[in-house]
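# Report on the structure
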Amino acid sequence: MAKAVISIGNDHIVTDIKERVTEHLKEEGYEVIDNGTYDKLRTHYPIYGKKTAERVVNGEAKLGVVLCGTGVGISSSADKVPGARVALVRDVAEAEYARKTLNANVVAVGGHITGVDLIKAIVDKFLTTEYEKTPEHDALIKKIDALEGPKPEQTGNEHFFDEFEKKWEEGYYHD
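This part covers the pattern of salt bridges. This model, assessed by the stated rule, comprises nine salt bridges. Note that D34 and K18 form a salt bridge whose closest N and O atoms lie 2.9 Å from each other. Of the two residues, D34 sits in strand 2 (residues 31-34) while K18 sits in helix 1 (residues 15-27), which places them 16 residues apart along the sequence. Its salt-bridge partner being E60, residue R55 comes within 3.1 Å of it at the nearest N-O pair.

Here it is as structure tokens:
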């Protein structure tokens, strides 16, 4: 029986890494939607970050994986898709945190700065960790999601985070 469907995308400089991760996922029983790119021809990673995240957000895939050289560019582009919660991670603990606490639905890694075996371990942890639903986690995600989309009241509003800064000064946050 196949596991969940996973959406994956990459830029041209890590196509070989994406292929190895895809092969690993298939060996683990996942169905994989490969959004490209498929070769080493120079391209633009926002295309593949967007495609990958959209397939997660529209329900074609349960979770997503995006890769570029550092993971920074493709994670930024994938995170622009409304409904995507993208986490750029460097290790297994960050992947677990992203799923468990933030209910991230796309994980991003740097294929040139992270070894392929570590990438496989990161992806495995991300895919097998469930969101830990708590009132605190739900509230945090709700606040993050509220930042999404055109919000004219946020742009140029230097007082937008006043409530949080006040709570910080009052010692409300304890981590």
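Looking now at the packing of helix 1 against helix 5 (residues 116-128). Across the interface, helix 1 lies against helix 5 with an axial gap of 10 Å and an inter-helix angle of 45°. Classified by the angle between their axes, helix 1 and helix 5 sit oblique to one another. As helix 1 packs across helix 5, the resulting crossing turns out to be right-handed. Residues I17, R20, V21, H24 and L25 of helix 1 form the contact with helix 5, whose participating residues are V116, I119, K120, V123, D124 and L127. By residue class, the composition of the contact of helix 1 with helix 5 is seven nonpolar, one polar and three charged.

With that settled, the discussion passes to the sheet that holds strand 4 (residues 86-88). Reading across the sheet, the five strands line up as 2-1-3-5-4 and stay open at both edges, with parallel pairing between neighbours. Of all the strands in the sheet, the pair left with one neighbour each is strand 2 and strand 4. For this sheet the average axis-to-axis angle between neighbouring strands, irrespective of direction, equals 25°. In terms of strand pairing, strand 1 (residues 5-10) meets strand 2 through four bridges, oriented parallel. Bridged to I6 within strand 2 is V32. Sitting on the sheet, helix 1 is in contact with strand 1, strand 2 and strand 3 (63-68), with an inclination near 170° to strand 1.

Let's shift gears to the environment of S77. Within the secondary structure, S77 is located in helix 3 (residues 72-78). In this view, S77 contacts Y45, P46 and G49; residues no more than four positions away in its chain are not counted.

Calculation rules
Residues numbered from 1 in each chain as written. Predicted model: local features only at pLDDT ≥ 70, side-chain atom pairs only at ≥ 80, totals over all residues. Heavy atoms only, no water. Salt bridge = Lys/Arg side-chain N within 4 Å of Asp/Glu carboxyl O. Helix = DSSP H or I, 4+ residues; strand = E, 2+ residues; numbered from the N terminus. Axes fitted to C-alpha atoms, helices over the stretch in contact; angles between N-to-C directions. Parallel < 35°, antiparallel > 145°, perpendicular 65-115°, else oblique. Left-handed = near helix turned anticlockwise from the far one by under 90°. Contact = heavy atoms within 4.5 Å. Nonpolar A, V, L, I, M, F, W, Y, C, P; charged D, E, K, R; others polar. Pairing = 2+ DSSP bridges.

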